[in-house]
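So you can see what is in the structure, the chains are spelled out below.
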Amino acid sequence: MRVALDLSHSRVWSADPKRRTGGHSTREYTELGYVAHLPEIFDGFAERTQIIDRPWTAETLARTDVLLMPTGGREADRPVTAEESELLANFLDGGGGILAFGDGDRPPTRPGESLTSAVARFSFGDIFVSQQRPTAEHLLTYDVTCAAVPGHPITGGIDTVHLHRARPIKADMTALLSHAGHTVAGAATRGEGRIVVVSNADMFTLPFLGRRDNLLFLLNAISWLATGQVDASVGERHAEKVRGQAFATRSFDPEPCLARASGPHAIDASALHAELDPITATELPNSHEDDDAFIAAAELCFHELPRSIRHTVSTFRERSNDYGILLVSGLPLGASLPPTPADPHARPHRKRWLSELWLAAFASALGSPFTYLQEQSGSLFQNVVPTPENANKISSESSSILLGFHTEMGFHPYPPDYLLLLCLRPDHDNEAKTITAGIRMILSRLTLCERAILFEPLYRPGIDYSFGSPNATEGNGPAVPILYGDPHDPFLNFDLDLMVGLTEEAEAAVQALRTAANQVRRWVRLSTGDLLVIDNRRAVHARSEFTARYDGQDRWLQRMCVTRDLAASAAERAGGGRTVETTFAF
C-alpha cells in the first residue's frame, strides 16, 4: 500500500516554518513529533509513505492508495478548491482511501472550503470535556478514553483508544470509536473507495502511539482503507515493533560541554564588565536583615543589565531550550572572597555580597525567590559546600560520591521551577562537573511504550533526609508520573537514586530513562562568577565526585530556588514570607 500525508491544507500540520500556532512555530511542532514520525511509523508496513506539502494533482493521487488529510478549521488553513474536491471524489470513486482527521481547534465554519464537504457529509461538534480527571473528580479533562465499537474490521482486537481534545462526529457513518454515546471515529464508503474520519489526529502522534490500541487502530485503518480488509496478525506484529522503537524527531549538538556547545543557552558576561561594574556599585539593603528589600533592589538592578542578557533570560523563561539550562559565565564577584565556610549555615563576613546580588537579580526576572524551612533553616541564599560528615551521603554536601540525576525537591508539593547555582570558588583540582540532561533530548532515546508508561502515576520518589526521611530511603514519597504536562513537550520529575516504579513495567521504564539521561548528558565545570540556571521542569541535574580538602579553599556554590507562582504555597508560608514550611509524616 502507498500512503501519502497531505500537509498543504492545515496550518498546524504545515511544513512551512514561517507559519505559527500557539507558542510554537510549526517547524517546532514537527520536531516535537506531530508529523515527522509518520514515514517511520509505516516503514515496513506500507510500501511507501510520502509527505505532500504543496497542492496535489491527479498524478499525485494516482501514486497513492491512502491519503491522510487534516480537515482544517482555522482561518489560516488553505481551503480545498473546487478542482481538488473533484479530484478527491474521483480518487474515492476509483477505489482510493481517505483518513480525515480534525486538528483539535475550532471545527470548519465555512461549508465548501474544507475537506468535510469535499468528500463526504460530516461535521464535528464541540470538544468533549465530560470525562472526570482520575485524581481530581471535581475537574474535567480534555483527555478522553473511547471504547471501540465491535463489528468492523478496523476495531478487531481493540478495546479502548486514547484521544485528546476529541469531538463528536455528526455523520451517517459506521461508528468505530464512541464516548458518552457519541461517535468520535467512523467509517463509510463512496463508490469503490473508503473513508475513515477521526475527530483529532493527536491519537496518531508520538506521545499516544505508545498505547497499543492507538497504534493498532491506525494500522488497521490504513489496511482497511487500502484493501477493504484487515490482517490482524500483521498489524499486531508491526505495532509491537513500533512501540519498541525510539524516534528522534530533531537533532542536537553532540558537544558534551555546555560552555562549548552552540545555541542560545550560554551568555559570556566577562566581555560586558564595563556595563556591569556600575551595577555592582549600587547601594543595596543587607540581604540577611531584609530579604524582600534586597530582592526588590536586585530586581531593579536586573533591568539595568545589557539588553542581550535580559533578552536571553526572558526567552528562557518563556520557552526554555533543548538543554533546559541557561549558563551565564564571568559575572563580576569583586576583588576577594573569604574562606569557604566549613559549615553551610555560616554567613562569612564580606563587605559586598555580589554573588547574592546576581542570584536575586536573575531569580526575580524568572519568578519569585523562595526557600524551605528544612533547608539551612530557611536561608534564602544557601551555601553548597562539602562537609566531611556528609561526604558519602546523597546530599549537596557530599564530595566523594556521584550525586545522581534528580529533579530538585521532586517529592515536594511545591518544587522550584528554577534552581540557580552560582560558583564562588571551584574545587582545587577543577574536577567537579555539574551534569544536566534535558527532557527534549531524553525523549529521543525513549521508546514509544516507555514514553507512554512514564506519563502514568506509577512512581514514588524518596523524600530527602533533610526533610526528616532516613538517608537514601527509596520510594517513600507520593505516587506521581515522571512525565507530565504537554504530551508533545512534557515536563520531567525524576530522581535516579531514590525513585522506584510501582510495577515491573514501570520500573523497566524508569531504568530506560536512567540510561537515556546518561546518553544525552551534558556538563560544565563551573568557575568563579559562573551562574547556572536550571529549568527544574525541563532538566535533571547531577554532580560528579571531586576531592575535598576542608582547608577553606574548597568548592563553594550559592544556591537559590525560584517559583513562577509563589501564591500557590501561601498556606504553607508563615506571615506571607518566602519560606515554605510543609512538613512530612513518616
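Residues numbered from 1 in each chain as written. Predicted model: local features only at pLDDT ≥ 70, side-chain atom pairs only at ≥ 80, totals over all residues. Heavy atoms only, no water.

### Overview of the overall build of the chain
Across its full length, the chain carries 15 helices and 31 strands. When each of the 586 residues of the chain is scored for burial, the buried share is 55%. For the chain, contacts bridging at least 24 residues in sequence account for 76% of all contacts bridging at least 6. Taken as a whole, the chain presents about 23,700 Å² of accessible surface, with 48% of it coming from carbon and sulfur. (Helix = DSSP H or I, 4+ residues; strand = E, 2+ residues; numbered from the N terminus. Buried < 20%, exposed > 50% of the residue type's maximum accessible area, 1.4 Å probe, protein only. Contact = heavy atoms within 4.5 Å. Areas by Shrake-Rupley, 256 points an atom, 1.4 Å probe, with all protein chains shown as cover.)

### Some points on the sheet that holds strand β20 (residues 403-406)
Taken in spatial order, the four strands line up as β20-β29-β22-β27 in an open sheet, and their pairing is antiparallel. Pairing within the sheet leaves two strands with one partner each, and these edge strands are β20 and β27 (522-524). Geometrically, the sheet is characterised by an average inter-axis angle of 20° between neighbouring strands, direction not taken into account. Both strand β22 (residues 434-438) and strand β29 (residues 539-543) contribute to a ladder of five bridges, which runs antiparallel. Counterpart to Ile-435 in the pairing with β29 is Ala-542. (Pairing = 2+ DSSP bridges. Axes fitted to C-alpha atoms, helices over the stretch in contact; angles between N-to-C directions.)

### Structural notes on helix α10 (residues 291-302)
Taking 1.5 Å of rise per residue, twelve residues should cover 16 Å, and α10 covers 16 Å from first to last C-alpha, within 8% of that figure. Lining the buried residues of α10 we find α9 (273-280), α11 (307-319), α12 (354-366) and β18 (368-372). (Expected span 1.5 Å × (residues − 1).)

### Overview of the environment of Leu-305
If you trace the backbone, Leu-305 turns up in the loop between α10 and α11. In contact with Leu-305, other than residues within four places in its own chain, are Leu-276, Ile-279, Arg-310, Trp-358 and Phe-362.

### Here we look at the environment of Pro-426
Position of Pro-426 relative to the elements: it lies in the loop between β21 (418-425) and β22. Distance from Pro-426 to Leu-526, taken between C-alpha atoms, is 6.5 Å for residues 100 residues apart in sequence. In this structure, Pro-426 is in contact with Leu-526, Thr-528, Gln-553, Asp-554 and Arg-555, ignoring residues within four places of it in sequence.

### Quick word on the layout of surface pockets
The computed volume of the second largest pocket comes to approximately 660 Å³. Every residue lining the second largest pocket is counted, 39 residues in all, and those nearest its centre are Ser-395, Ser-396, Leu-403, Glu-408 and Arg-559. Only β19 (382-384), β20, β21, β29 and β30 (556-563) provide two or more residues apiece to the lining of the second largest pocket. Counted by class, the lining of the second largest pocket contains 14 nonpolar, 16 polar and nine charged residues. (1 Å grid on protein atoms, 1.4 Å probe; cavity = no way out; pocket = protein on both sides within 12 Å on 5 of 7 lines; lining within 4 Å. Points joined across faces, edges and corners; volume = space filled by probe spheres on them. Nonpolar A, V, L, I, M, F, W, Y, C, P; charged D, E, K, R; others polar.)

### Let's talk about the packing of aromatic side chains
Taken as a whole, this structure holds ten aromatic pairs when the rule is applied. Residues Phe-411 and Phe-467 carry aromatic rings whose centres are separated by 5.2 Å and whose planes lie at 75° to one another, so their mutual orientation is edge-to-face. With Phe-411 in the loop between β20 and β21 and Phe-467 in the loop between β23 (459-460) and β24 (483-484), the pair connects residues that are 56 residues apart, well separated along the chain. Relative accessible area serves as the criterion here: at 6%, Phe-467 is assigned to the buried category. Ring geometry for Tyr-484 versus Phe-491: centroids 5.4 Å apart, planes at 55°, classification tilted. Tyr-484 gets classed as partly exposed once you look at its relative accessible area, which sits at 33%. (Phe/Tyr/Trp six-rings, centres within 6.5 Å; stacked < 30°, edge-to-face > 60°.)

### Let's talk about the pattern of salt bridges
Using the criterion set out here, one finds 14 salt bridges in the structure. Notably, a salt bridge pairs Asp-489 with Arg-440, separated by 2.9 Å at the nearest N-O pair. Here the residue Asp-489 occupies a position in the loop between β24 and β25 (491-492), and Arg-440 occupies one in helix α13 (residues 439-442), the gap between them amounting to 49 residues. Of the two residues examined, Asp-489 and Arg-440, each falls in the buried class. A salt bridge links Arg-537 to Asp-535, with the shortest nitrogen-to-oxygen separation between them at 3.1 Å. Overlapping salt bridges bring together Arg-212, Asp-213 and Glu-236 as one network. (Salt bridge = Lys/Arg side-chain N within 4 Å of Asp/Glu carboxyl O.)

### Some points on the sheet that holds strand β11 (residues 160-164)
Within a sheet, each strand pairs with its neighbour through backbone hydrogen bonds, oriented either parallel or antiparallel. A sheet is described by the order of its strands in space; here nine strands give the open sequence β4-β1-β5-β6-β15-β14-β13-β10-β11, paired in mixed fashion. Each edge of the open sheet carries a strand with a single partner, namely β4 (48-52) and β11. Strand-to-strand, the axes of this sheet are offset by a mean angle of 20°, without reference to chain direction. Two elements, strand β5 (residues 66-70) and strand β6 (residues 97-101), share five bridges in a ladder whose sense is parallel. Bridge assignment links Val-66 to a residue of β6, and that residue is Gly-97. Seen against the sheet, helix α7 (residues 212-227) touches β1 (2-6), β5, β6, β11, β13 (174-179), β14 (182-190) and β15 (193-198) and runs at an angle of roughly 155° to β15.

### Thoughts on the environment of Val-520
In this fold, Val-520 is placed in the loop between α15 (504-519) and β27. Under the relative-accessibility criterion, Val-520 is labelled buried at 5%. In the structure, Val-520 is positioned 78 residues away from Ile-442 in sequence and 6.5 Å away in space, judged by C-alpha atoms. Each residue touching Val-520, except ones within four places of it in the same chain, is listed here: Thr-436, Ala-437, Met-441, Ile-442 and Arg-445.

### Some points on the confidence of the model for the chain
When the pLDDT values of the chain are averaged, the result is 87; 87% of them are 70 or greater. Ignoring residues within four places in sequence, the model shows residues 13-27, a span with pLDDT below 50, making 39 contacts including any to other chains. (pLDDT = per-residue confidence, 0-100.)

### Re α12
With 13 residues, α12 should cover 18 Å at 1.5 Å per step; its first-to-last C-alpha distance of 19 Å lies within 8% of that length. α12 sits mainly inside the fold: 13 of its 13 residues count as buried.

### Concerning the pairing of strand β17 (residues 325-329)
A regular strand places its side chains so that they alternate between the two faces of the sheet. Of all five residues in β17, four are buried; the element is thus mostly enclosed. Pairing between strand β16 (residues 266-268) and β17: three bridges, direction parallel. Within the sheet, the bridge partner assigned to Asp-268 lies in β17 and is Ser-329. One ladder, built from four bridges, connects β17 with strand β28 (residues 531-535); its direction is antiparallel. Bridge pairing in β28 links Val-328 to Leu-531.

### A few points about the nonpolar core
One finds Phe-405, Ile-442, Tyr-459, Ile-482, Leu-492 and Phe-494 to be the most contacted residues of the largest nonpolar core, which totals 55 residues. Once you skip the residues sitting within four places of it in the chain, Ile-442 turns out to touch Ala-437, Leu-492, Leu-513, Ala-516, Ala-517 and Val-520. In this structure, Phe-101, Cys-146, Ala-226 and Ala-239 belong to the second largest nonpolar core, which totals 46 residues. (Core = buried A, V, L, I, M, F, W, Y, C linked by side-chain atoms within 4.5 Å.)

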